[in-house]
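# Residue-level structural notes
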Amino acid sequence: MIDRTDFFAAKLAYETDASDVHAALADGRPLVVIDVRSAEAWAQGRVAGATHMHYSEIASRAPQEIPRDAEVVVYCWSPGCNAGAKGALEFAKLGYRVREMIGGFEYWVREGYRVEDADGVHRRPVDPLTGVARVRTRA
């Protein structure tokens, strides 16, 4: 039987979340963020600065496009989508250090982080159910 401490340590080695990815990028950590969704989903919006690589293309594209020593984070739509796990598996098969961003693009947007689409880079309001919504008070 696996020890609970080992289980959660292993889980954190393979998963991350939108908040931790945002903090790492803000601190200048050289993460390679990969959107593994379809081209149509990518066009609707994505994590600002992410690279689009559908999970079915990773085996053929990643070795040419992503440095082998890169720290890779993959994401898909939401907690209800397993494309992130499919993408992480493909990177892992190639020997990359990879983690899946749990919550996917949905939680990235809901937490108010920068998104990019054809109109440029912008943010949506923070959903108070997923992130801290700063309320402005009048003095």
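Just so you know, these numbers come straight off a predicted model, no measurement behind them. (Residues numbered from 1 in each chain as written. Predicted model: local features only at pLDDT ≥ 70, side-chain atom pairs only at ≥ 80, totals over all residues. Heavy atoms only, no water.)

Opposite charge on two side chains permits pairing when their charged atoms draw close. Enumeration according to the criterion identifies eight salt bridges in this entry. Counted as one network, the salt bridges with shared partners bring together R29, E71 and R99. (Salt bridge = Lys/Arg side-chain N within 4 Å of Asp/Glu carboxyl O.)

Here we come to the sheet that holds strand β2 (residues 31–35). On the basis of which strands lie adjacent, the open sheet formed by five strands has the order β1-β6-β5-β2-β4 and parallel pairing. The open sheet is flanked by β1 (15–17) and β4 (51–52), the only strands paired with a single partner. One ladder, built from two bridges, connects β2 with β4; its direction is parallel. Paired with D35 across the two strands is H52, which belongs to β4. Each of β2, β5 (71–75) and β6 (97–102) is contacted by helix α5 (residues 83–93), which is oriented at about 155° to β5, the strand it contacts most. (Pairing = 2+ DSSP bridges. Helix = DSSP H or I, 4+ residues; strand = E, 2+ residues; numbered from the N terminus. Contact = heavy atoms within 4.5 Å. Axes fitted to C-alpha atoms, helices over the stretch in contact; angles between N-to-C directions.)

Moving on to the pairing of β6. The pairing of β1 with β6 spans three bridges and is parallel. From the neighbouring strand, E15 faces β6, where its bridge partner is E100. Examined bridge by bridge, β5 and β6 share four bridges and lie parallel to one another. Opposite V73, over in β6, you have R99 as the bridge partner.

A few words on the sheet that holds strand β3 (residues 46–47). A sheet is described by the order of its strands in space; here three strands give the open sequence β3-β7-β8, paired in antiparallel fashion. On the outer flanks of this sheet lie β3 and β8 (120–122), each paired with one strand and no other. Where strand β7 (residues 115–117) meets β8, three bridges bridge the pair, whose relative direction is antiparallel. Pairing of V115 across the sheet is with H122, part of β8.

For the rest of this paragraph, the subject is the side chain of S78. With respect to the helices, strands and loops of the structure, S78 is situated in the loop between β5 and α5. Exposure remark for S78: the relative accessible area of 18% places this residue in the buried category. Residues in contact with S78, not counting those within four places in the same chain, are G103, G104 and E106. (Buried < 20%, exposed > 50% of the residue type's maximum accessible area, 1.4 Å probe, protein only.)

Any link to function would need more than the numbers given here.
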